[in-house]
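Residue-level structure breakdown
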Amino acid sequence: MNGTSSSNNIKQDNPPSLQNPYTQHYSDLLSRVNKFSIIESTLREGEQFANAFFDTATKIEIAKALDAFGVEYIELTSPAASEQSREDCVAICNLGLKAKILTHIRCHMGDAQIAVETGVDGVDVVIGTSSYLREFSHGKDMNYITTQAIEVVNYVKSKGIEVRFSSEDSFRSDLVDLLSIYRTVDKIGVNRVGIADTVGCANPRQVYDLVRTLRGVVSCDIECHFHNDTGCAIANAYAALEAGATHIDTSVLGIGERNGITPLGGLVARMYTADKEYIKNKYKLHMLRDLENLVADAVQVQVPFNNYITGYCSFTHKAGIHAKAILNNPSTYEILKPEDFGMTRYVSIGHRLTGWNAVKNRVEQLGLTLTDDQVKQVTIKIKELADIRPLTMEDVDNLLRDFHNAITSGDQLRVDGVLAVGTN
Ligand SMILES: CC(=O)SCCNC(=O)CCNC(=O)[C@H](O)C(C)(C)COP(=O)(O)OP(=O)(O)OC[C@H]1O[C@@H](n2cnc3c(N)ncnc32)[C@H](O)[C@@H]1OP(=O)(O)O
Ligand SMILES: O=C(O)CCC(=O)C(=O)O
Ligand SMILES: [Zn+2]
């Protein structure tokens, strides 16, 4: 030994303080977090939202906006639902969009015959496999379901378009039944199989386990559909992709049956965090806000205040400790860059949680010159006032200007007057 410990010879790519234990492990070969497609179902699952009534013009506007945003697939309501649904499906197929157009049908030959005549690029076929749905919905056993699935899948395939087979209520279905029917349809050449958490009961670990198991059983693509009844829809989508799922169903703002499914914006936020460049290159992120406003208007709801990315306070920083660090480097408290989504950052200072660093920044924005001690004095005044009532930005700006004028006039009595509690 020459006195140098062996660890000193190990080259570190990043200093320990910069290593992030939560980044994606690219060694996981199954993972599709940077190789997946969105099946956007605002015009199918979203039409099942309590408030949704989409006339033809609105459907076309939404389809065009989804296409412009860059989703890979747009899923439409079954043309068997009504004559208008069928006509709308044909009209959207004729728009010549870049996104592939799918429609969603029961595992039923009559529905399939109507669907293939509309001009869609593919058909998503579904049937319940849980004992609840076998007993109380369609009343069919697994043998019947399998025979029916083979017939419908073969029929759609014979028309030269994509076909997906999905089991509704997958997480409350028997695992052997599930794997067996997925294997059967995979063998006859289905393009995708689908897993659906129809009641929102699954958690990310269960999703990971099921998708990972299925990945070892079928060679076709795997689509996943997650309801949000228990708040796991985005996390479940992420877990599914980590386990090898290839397609995720979304809807704008998450609208759908009950409280809906994985929201498009929430999925985008999650996936951007996993691989920013992949998501920025794939989707027109600055169009998200307009897309959400379009759908919110169509179904007469407000975009929630805490919505992913576009909520009105998604990029507002308030507490003094945060504000100081954000002003030095936005990455301290932002995992999403607002400018990547056409959004802007806002630092709020008119409140009792503010700090002198944030106030100093505002002083500089207003073109005023104060020493640090003077900024600290006026910060105390802002806090005193904010203890009494909420302050607008205008209140704060007026106070800063009054204080600055008093300082520059050299009149200590005026300065004391501005700083006195309750004046202003
Ligand atoms: C979990 C999901 O979101 S699945 C997608 C849900 N989407 C829709 O329901 C689309 C809109 N639905 C409709 O317009 C209508 O329900 C239709 C046109 C599909 C069917 O209407 P109706 O013939 O009047 O039947 P109804 O809606 O009362 O019942 C559903 C029928 O489909 C059967 N069924 C239910 N699910 C399936 C399935 N996945 N595959 C095959 N048959 C099914 C039921 O047994 C029932 O049959 P029945 O007529 O012999 O009783
Ligand atoms: O077709 C699917 O995979 C999903 C159907 C659906 O909306 C659900 O099961 O919640
Ligand atoms: Zn659903």
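Definitions and cut-offs
- Residues numbered from 1 in each chain as written.
- Chains lettered and ligands numbered in written order.
- Predicted model: local features only at pLDDT ≥ 70, side-chain atom pairs only at ≥ 80, totals over all residues.
- Heavy atoms only, no water.
- UniProt positions renumbered as here; feature names shortened; annotations may be inferred.
- Helix = DSSP H or I, 4+ residues; strand = E, 2+ residues; numbered from the N terminus.
- Buried < 20%, exposed > 50% of the residue type's maximum accessible area, 1.4 Å probe, protein only.
- Contact = heavy atoms within 4.5 Å.
- 1 Å grid on protein atoms, 1.4 Å probe; cavity = no way out; pocket = protein on both sides within 12 Å on 5 of 7 lines; lining within 4 Å.
- Points joined across faces, edges and corners; volume = space filled by probe spheres on them.
- Nonpolar A, V, L, I, M, F, W, Y, C, P; charged D, E, K, R; others polar.
- Core = buried A, V, L, I, M, F, W, Y, C linked by side-chain atoms within 4.5 Å.
- Donors = N, O, S within 2.8 Å, 3.2 Å for Na, K, Ca; no water.
- Near = heavy atom within 4 Å.
- Polar contact = N/O pair within 3.5 Å; in protein donor to acceptor, adjacent residues only side chain to side chain.
- Areas by Shrake-Rupley, 256 points an atom, 1.4 Å probe, with all protein chains shown as cover.
- Sits in = over half its atoms within 2 Å of the grid points.

Looking at an unreviewed UniProt entry, one finds the protein named homocitrate synthase, with Paraglomus brasilianum as its source organism. Under the UniProt heading Sequence similarities (unreviewed entry), the entry covering the protein gives this text: "Belongs to the alpha-IPM synthase/homocitrate synthase family. Homocitrate synthase LYS20/LYS21 subfamily." Reading the Pathway (unreviewed entry) entry of the UniProt record for the protein gives the comment "Amino-acid biosynthesis; L-lysine biosynthesis via AAA pathway; L-alpha-aminoadipate from 2-oxoglutarate: step 1/5."

**Regarding the environment of L241**
Its location among the elements puts L241 in helix 8 (residues 233-242). Of the residues examined, L241 reaches a relative accessible area of 0% and is grouped as buried. Counting along the chain gives 30 residues from L241 to M271, while the straight-line C-alpha distance between them is 9.8 Å. Apart from the residues within four sequence positions on either side, L241 is in contact with L30, S31, R32, V33, F36, I248 and M271.

**A look at the layout of surface pockets**
One way to see where empty space is left: roll a probe the size of a water molecule over the atoms. By volume, the largest pocket amounts to about 680 Å³. Together, 32 residues line the largest pocket, and R44, H104, R106, V126 and E168 are the ones closest to its centre. Every element with two or more residues in the lining of the largest pocket is listed here: strand 3 (100-106), strand 4 (122-128), helix 5 (142-158) and strand 5 (162-168). By residue class, the composition of the lining of the largest pocket is 9 nonpolar, 13 polar and 10 charged.

**Describing empty space enclosed by the protein**
Tallied over the entire structure, the rule returns 1 cavity of 30 Å³ or more. In this structure, the largest cavity occupies an estimated 50 Å³ of space. Ranked by residue count, the leading element in the lining of the largest cavity is helix 2 (residues 83-93), at 4 residues. Of the residues assigned to the lining of the largest cavity, the class counts are 4 nonpolar, 2 polar and 3 charged.

**A word on the nonpolar core**
Among the nonpolar cores identified, the biggest contains 93 residues, and I74, F165 and L264 are the most heavily contacted of them. Those residues in contact with L264, other than ones at most four positions away along the chain, are I38, E40, L66, F69, V71, T250, S251, V252, L288 and L291. By size, the runner-up hydrophobic cluster in this structure holds 24 residues, among which are I326, V375, V378 and L385.

**Some points on the coordination of the zinc ion (ligand 3)**
Ideal geometry at a metal gives 109.5 degrees between four tetrahedral donors and either 90 or 180 degrees between six octahedral ones. At this site the zinc ion (ligand 3) is bound by E45 (OE), H225 (NE2) and H227 (NE2), with donor distances of 2.0 to 2.1 Å. Positions of the donor residues of the zinc ion (ligand 3), expressed as sequence spacing, correspond to E-x179-H-x1-H. With E45 in the loop between strand 1 (37-40) and helix 1 (56-69) and H227 in the loop between strand 7 (221-226) and helix 8, this residue pair connects regions lying 182 residues apart in the sequence. H227 shares its class with E45; the two are buried.

**Thoughts on the site of ligand 2**
In the neighbourhood of ligand 2, the contacting residues comprise R44, E45, H104, V126, R164, S166, E168, A196, T198, H225 and H227. In the environment of ligand 2, an oxygen atom lies 2.7 Å from a nitrogen or oxygen atom belonging to the side chain of H104. A distance of 2.7 Å separates an oxygen atom of ligand 2 from a polar atom in the side chain of R164. Alone, ligand 2 offers 290 Å² of accessible surface; in the complex the protein occludes 94% of this. For ligand 2, the cavity whose grid points lie within 2 Å of the majority of its atoms is the largest pocket. The biggest single contributor to the shell around ligand 2 is strand 5, with 3 residues. Broken down by class, the residue content of the shell around ligand 2 amounts to 2 nonpolar, 5 polar and 4 charged.

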